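Results of the structural survey
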Amino acid sequence: MAITSPALASPDGIAWDGRGNRLVLAPFGGMAIQQWHPGDAAPRDVAPGKGRFDGIEIEPNGQILVTSWNDSSVATLDGQQLVPRIHGLSITPADVSMDVRHGRVGIVSLTANRFELWSWPWK
């Protein structure tokens, strides 16, 4: 086991960021994306958001995608800020995956039992 801590807020999405040598956590029970470096006693909040985070994916170029149930969005983690890229979805987004070749993201919704493809707003 890497860590047990009361600071964990029910992480749902967990991804290894090799560039930052850290785990990036998308906590379903918290209001901020968290990070944990090996050896740290507890994770720390990195970027506040709407909460009920679920999916997280780190792309080969370092871009980090995060979904949130509370605002039905897909955002990117840019430093210490979540930047909404796709919002106002009609589904509750659980997981997300990037299709760089075709410039789109796949969004899974467990509550709607759906998978949708969206054009990615490159910025």
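Residues numbered from 1 in each chain as written. Predicted model: local features only at pLDDT ≥ 70, side-chain atom pairs only at ≥ 80, totals over all residues. Heavy atoms only, no water.

1. Topic: the pattern of salt bridges
- Scanning the model with the defined rule gives four salt bridges in all.
- Across the pair Glu-116 and Arg-114 runs a salt bridge, and its minimum N-O distance is 2.8 Å.
- Here Arg-114 falls in the partly exposed class, since its relative accessible area comes to 45%. (Salt bridge = Lys/Arg side-chain N within 4 Å of Asp/Glu carboxyl O. Buried < 20%, exposed > 50% of the residue type's maximum accessible area, 1.4 Å probe, protein only.)

2. Focus on the sheet that holds strand β3 (residues 32-36)
- Across the sheet, four strands lie side by side as β1-β2-β3-β4; this open sheet has antiparallel pairing. Sheet topology places β1 (11-17) and β4 (44-48) at the edges, where each strand pairs with a single neighbour. Shown here is a sheet whose adjacent strand axes are inclined to one another by a mean of 30 degrees, direction ignored. (Pairing = 2+ DSSP bridges. Helix = DSSP H or I, 4+ residues; strand = E, 2+ residues; numbered from the N terminus. Axes fitted to C-alpha atoms, helices over the stretch in contact; angles between N-to-C directions.)

3. A word on the pairing of strand β10 (residues 104-109)
- Both strand β9 (residues 95-99) and β10 contribute to a ladder of five bridges, which runs antiparallel. From the neighbouring strand, Asp-95 faces β10, where its bridge partner is Val-108.
- Hairpin geometry of β9 and β10 is characterised by an intervening segment of four residues between the two adjacent antiparallel strands and by a positive phi of about 65 degrees at Gly-103.
- With six bridges joining them, β10 and strand β11 (residues 114-119) adopt antiparallel strand pairing. Within β11, the position partnered with Ser-109 by the bridge is Arg-114.
- A loop of four residues connects β10 with β11, the two strands running antiparallel in sequence, and Asn-113 in this loop sits at a positive phi of about 55 degrees.

4. Describing the environment of Asp-40
- With respect to the helices and strands, the residue Asp-40 is situated in the loop between β3 and β4.
- Overall, Asp-40 belongs to the partly exposed group, its relative accessible area being 35%.
- Through-space distance from the C-alpha of Asp-40 to that of Arg-22 is 10.0 Å; in sequence the pair is 18 residues apart.

5. Brief notes about the sheet that holds β9
- Within the open sheet, the three strands sit side by side as β9-β10-β11. Their pairing is antiparallel. In the strand order of this sheet, the two ends are held by β9 and β11, each with one partner. Recorded for the sheet is a direction-independent mean angle of 20 degrees between the axes of neighbouring strands.

6. A few points about the side chain of Glu-59
- Along the chain, Glu-59 turns up in the loop between β5 (53-58) and β6 (64-68).
- Comment: no salt bridge for buried Glu-59; closest opposite-charge side chain is Arg-19, at 10 Å.
- If near-sequence neighbours (up to four positions away) are discounted, Glu-59 is found in contact with Leu-65, Met-98 and Val-100. (Lys, Arg positive; Asp, Glu negative; His and termini not counted. Contact = heavy atoms within 4.5 Å.)

7. Notes on the packing of aromatic side chains
- Going through the model one piece at a time under the given rule, you end up with one aromatic pair.
- Where Phe-28 meets Trp-69, the ring centres are 5.0 Å apart and the plane angle is 90 degrees; that geometry is what we call edge-to-face. Taken together, the residues span a long stretch of sequence, with Phe-28 in the loop between β2 (22-27) and β3 and Trp-69 in the loop between β6 and β7 (73-78) at a distance of 41 residues.
- The exposure class of Phe-28 is partly exposed, given its relative accessible area of 27%. (Phe/Tyr/Trp six-rings, centres within 6.5 Å; stacked < 30°, edge-to-face > 60°.)

8. So, the nonpolar core
- By size, the foremost hydrophobic cluster in this structure holds 13 residues, and its most contacted members are Ile-33, Ile-56, Val-66, Leu-77 and Leu-82.
- Those elements giving two or more residues to this core turn out to be β2, β4, β5, β6 and β7.
- Apart from the residues within four sequence positions on either side, Ile-33 is in contact with Val-24, Leu-25, Ala-26, Pro-27, Arg-44, Asp-45, Val-46, Ala-47, Phe-53, Val-66, Leu-77 and Leu-82.
- Formed by ten residues, the second largest nonpolar core is a distinct cluster that contains Val-74, Ile-86, Val-96 and Met-98. (Core = buried A, V, L, I, M, F, W, Y, C linked by side-chain atoms within 4.5 Å.)

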